[in-house]
Amino acid sequence: MQCPGAPHLASAERTPRPREWRPQLYRKCTDTTWLLLFFLFWTGLMFIAGYSVAAGATGRLLFGYDSFGNVCGKKNSPVEGAPLSGQDMTLKKHVFFMNSCNLEVKDVRLSSAVLCVSSCPEEQLDTLEELQLFADNNGSFLCVYSLNSINYTQDPKADSLCPRLPVPPSKSFPLFNRCVPQTPECYSMFASVLINDVDILRRILSGIMSGRDKILGLCLFAFALSLGMTFAFRFITTLLVHIFIALIVSGLLFVCGVLWWLYYDYTHDLSIELDTERENMKCLLGFAIVSTVITAVLLGLIFVLRKRIKLTVELFQVINKAISNSPFLLFQPLWTFAILIFFWVFWVAVLLSLGTAGAARVIEGGQVEYQPLVGVRYMWWYHLIGLIWTSEFILACQQMTVAGALATCYFNRNKNDPPDRPVLWSLSILFCYHQGTAIKGSFLITATRIPRTILMYISSALKGKHGAWSRCVSRCCFCCFWCLDKCLRQFNQNAYAASAINGTDFCTSAQDALKLLSKNSSHFTSVNCFGDFMIFLGKVVVVCFTVFGGLMAFNYNRALQVWAIPLLLAAFFAYLVAHSFLSVFETVLDALFLCFAVDLETNDGSSEKPYFMDQEFLSFIKRINRVNAARAQGAEHSLRNEEGMELQPVV
């Protein structure tokens, strides 16, 4: 016979007990399946890299090539069936178009023959005699290689083997080392055909290659700005916060005004004829509108949150004290930056090689053209996914390293004797146990970015072919994916910190962190949000001034490049660098409050279970609670006054 209390005991046994937090006490390998998946994915990336080296010809893209398959400035191998191929072009580094004033595209090929020459004609050549004299004086032969310069004026076929007269003056420009005509009529025709009618990928690559020096300069500028912002947050004071906010307000207004001024200058420039210049003008209008909206939103938020500056300064002082226990945390972004640079250089090199992967085919007249190989476009997409996933994985490793080092110092009973080398200890824990967790979290970010990239590609491909309704839907989808990306980043950061503290897998860590932070959100939600907002403003400053510098640099070459692509690349790089540096404070802030929540969950402040937190952090939390209580009482008092106000009859 069963006792009356048995059903109650059985139901209690079936109820799952809440899992306990055991900070820094238990470790195991987490998410190993994702580690294996990432290894297989990188095996595919290495296959693509090897294929691009074997099948690609980066020299054709960097140095240009003639109509007979010879790369300018290089010693070439012969192509079977092309008698003029395989020549030594070491001294002939410039690409010359024999009919530059009347370029046309027929069947995706230029109608003009292309030669490699040692120098471009800087003066107009009107006769064959002048062509012969130019060849004798400069050693630059502007007729087909099979025609000797002695026969320029004697061979009856010289008219078809030499450039169409008159040959306009030209100058070498770093756009595939082409000889660009300098007369207005020829220049307009040349640039319109050469720039507007080529493949999208080649246009992007040409913009990157022609603006590579400016892009490199902007990247270094963004790096210096990010480093300066890091030290500004490290030694922050109330006065410095006011100066910082004043600089942000004036900088945003200045950049916004300059963008609109440049757009006004473009719209009133009567010399604009090329599609590239019109595209630059549209991109400039987009930048101006976006910057205006961002400026208005940020100024409104700064005005609303201005009264919380004092608490924010105290918050950053607490963060800096936590960082002082492991000062090498501030140098962590340098290693992240170096690894990202190495990976991006590798990625761009493979991309350039893929862009030139093609099989040589001999056509009429012994000329050679290169046909893209089958499957290369699919490799581009796979390569793009590799860029996003690997970059996010590197950033995730930084977040887990910072969170692990902070947790090691926080859950140390003897505050006067901090642990030795917490950053190295956190790195060893990451690589031994939690690489799969970082890979899984970074894949979630990648999964949200891929649809955004596809939407951007479809929108650009259908530009001008879809109506207002489809444009509205695509922009709404893009906005939703952007919001999802931001939410997932915060979600991932809490999961990384929980995994570094408790040694659990990604999903368990995310679930535990969400429950614990929701339970203790009343302690620090408001000041935490404003702290994150200040860090975000630092990132905005870096990106805005990098974009402004890029606009000033690229504005001097309006016609010969679509500089929206290099500018977006520089802005993307600036954001990643700023995020790498300033996210140290963001990660420390979130991990610190998660450690505090775990401390409250596992301890009660008694002599048996004392808190891990120090007195300064505890007093800061008490001040936050007093401020929140005072605001709650003020709101309640105001509500009671409103409820007690009734209309009284006039006596």
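About the cut-offs
Residues numbered from 1 in each chain as written. Predicted model: local features only at pLDDT ≥ 70, side-chain atom pairs only at ≥ 80, totals over all residues. Heavy atoms only, no water. Helix = DSSP H or I, 4+ residues; strand = E, 2+ residues; numbered from the N terminus. Contact = heavy atoms within 4.5 Å. Areas by Shrake-Rupley, 256 points an atom, 1.4 Å probe, with all protein chains shown as cover. UniProt positions renumbered as here; feature names shortened; annotations may be inferred. Phe/Tyr/Trp six-rings, centres within 6.5 Å; stacked < 30°, edge-to-face > 60°. Buried < 20%, exposed > 50% of the residue type's maximum accessible area, 1.4 Å probe, protein only. Salt bridge = Lys/Arg side-chain N within 4 Å of Asp/Glu carboxyl O. Disulfide = S-S within 2.5 Å.

Caption draft 1: Representation of the overall build of the protein. When helices and strands are tallied, the protein shows 20 helices and eight strands. Sequence separation of at least 24 residues holds for 75% of the intrachain contacts in the protein that already meet a minimum separation of 6. A total accessible area of about 33,300 Å² is found for the protein, and carbon and sulfur atoms account for 64% of it.

Caption draft 2: Structural view of the environment of alanine 360. Inspection of the secondary structure assignment puts alanine 360 in strand β7 (residues 358–362). C-alpha of alanine 360 to C-alpha of glycine 69: the two residues are 291 residues apart in sequence and 7.7 Å apart in space. If we ignore the near neighbours within four places in the chain, the residues touching alanine 360 are Val79, Val368, Glu369 and Tyr370.

Caption draft 3: How the structure looks around the UniProt feature "transmembrane region" (unreviewed entry) in the protein. UniProt's feature table lists "transmembrane region" (unreviewed entry) at residues 34–54, 215–233, 239–263, 284–305, 334–354, 533–554 and 560–578, given in the numbering used throughout. Across residues 284–305, helical content stands at 95% and strand content at 0%; the span's end C-alpha atoms are separated by 31 Å. Within the segment residues 334–354, helix and strand shares are 100% and 0% respectively, and the terminal C-alpha atoms sit 30 Å apart.

Caption draft 4: Region of the structure containing the packing of aromatic side chains. Counted by the stated rule, this structure contains 19 aromatic pairs. Both rings, one in phenylalanine 41 and one in tryptophan 389, keep their centres 5.1 Å apart while their planes meet at 55 degrees; by these two values the pair is tilted. Of this pair, phenylalanine 41 sits in helix α2 (residues 32–55) while tryptophan 389 sits in helix α13 (residues 376–410); the two residues are 348 residues apart in sequence, bridging distant segments of the chain. The residues phenylalanine 41 and tryptophan 389 share a single accessibility class, namely buried. Consider the rings of phenylalanine 223 and phenylalanine 337, whose centres lie 4.6 Å apart with planes at 35 degrees: the pair is tilted.

Caption draft 5: Summary view of the environment of threonine 153. Here threonine 153 shows up in the loop between α4 (128–138) and α5 (158–161). A sequence separation of 26 residues divides threonine 153 from threonine 127, and the C-alpha atoms of the two residues are 9.2 Å apart. Setting aside residues up to four positions removed in sequence, threonine 153 forms contacts with Leu128, Glu129 and Gln132.

Caption draft 6: Main features of the pattern of salt bridges. Under the criterion given, the structure shown has seven salt bridges. Between lysine 440 and aspartate 31 there is a salt bridge, with the nearest N and O atoms lying 3.9 Å from each other. Residue lysine 440 is found in helix α15 (residues 435–461), and its partner aspartate 31 is found in the loop between α1 (6–14) and α2; the two are separated by 409 residues along the sequence. According to the relative accessible area criterion, lysine 440 is buried, its value standing at 16%. Its relative accessible area of 14% is what places aspartate 31 among the buried residues. Salt-bridge contacts for arginine 449 lead to glutamate 392; the nearest nitrogen and oxygen are separated by 3.8 Å. Here glutamate 392 lies in helix α13 and arginine 449 lies in helix α15, a separation of 57 residues in the sequence. Note on accessibility: arginine 449 and glutamate 392 belong to one class, buried. Each of the salt bridges in this network shares a partner with another, and the network as a whole consists of Glu392, Arg449, Asp485 and Arg489.

Caption draft 7: Examining the state of the cysteines more closely. Tallied over the entire structure, the rule returns three disulfides. Residue pairing for cysteine 120: its cysteine sulfur links by disulfide to cysteine 179, the two sulfurs lying 1.9 Å apart. An S-S torsion of about -75 degrees defines the bridge between cysteine 120 and cysteine 179 as left-handed. With cysteine 120 in the loop between β4 (114–117) and α4 and cysteine 179 in strand β6 (residues 178–181), this pair connects stretches of sequence that are 59 residues apart. Sulfur-sulfur distance for the disulfide between cysteine 143 and cysteine 162 comes to 2.0 Å. With the S-S dihedral at roughly 105 degrees, the linkage between cysteine 143 and cysteine 162 falls on the right-handed side. One end of the pair, cysteine 143, is in the loop between α4 and α5; the other, cysteine 162, is in the loop between α5 and β5 (170–173), with 19 residues separating them in the sequence. Cysteine 162 shares its class with cysteine 143; the two are buried.

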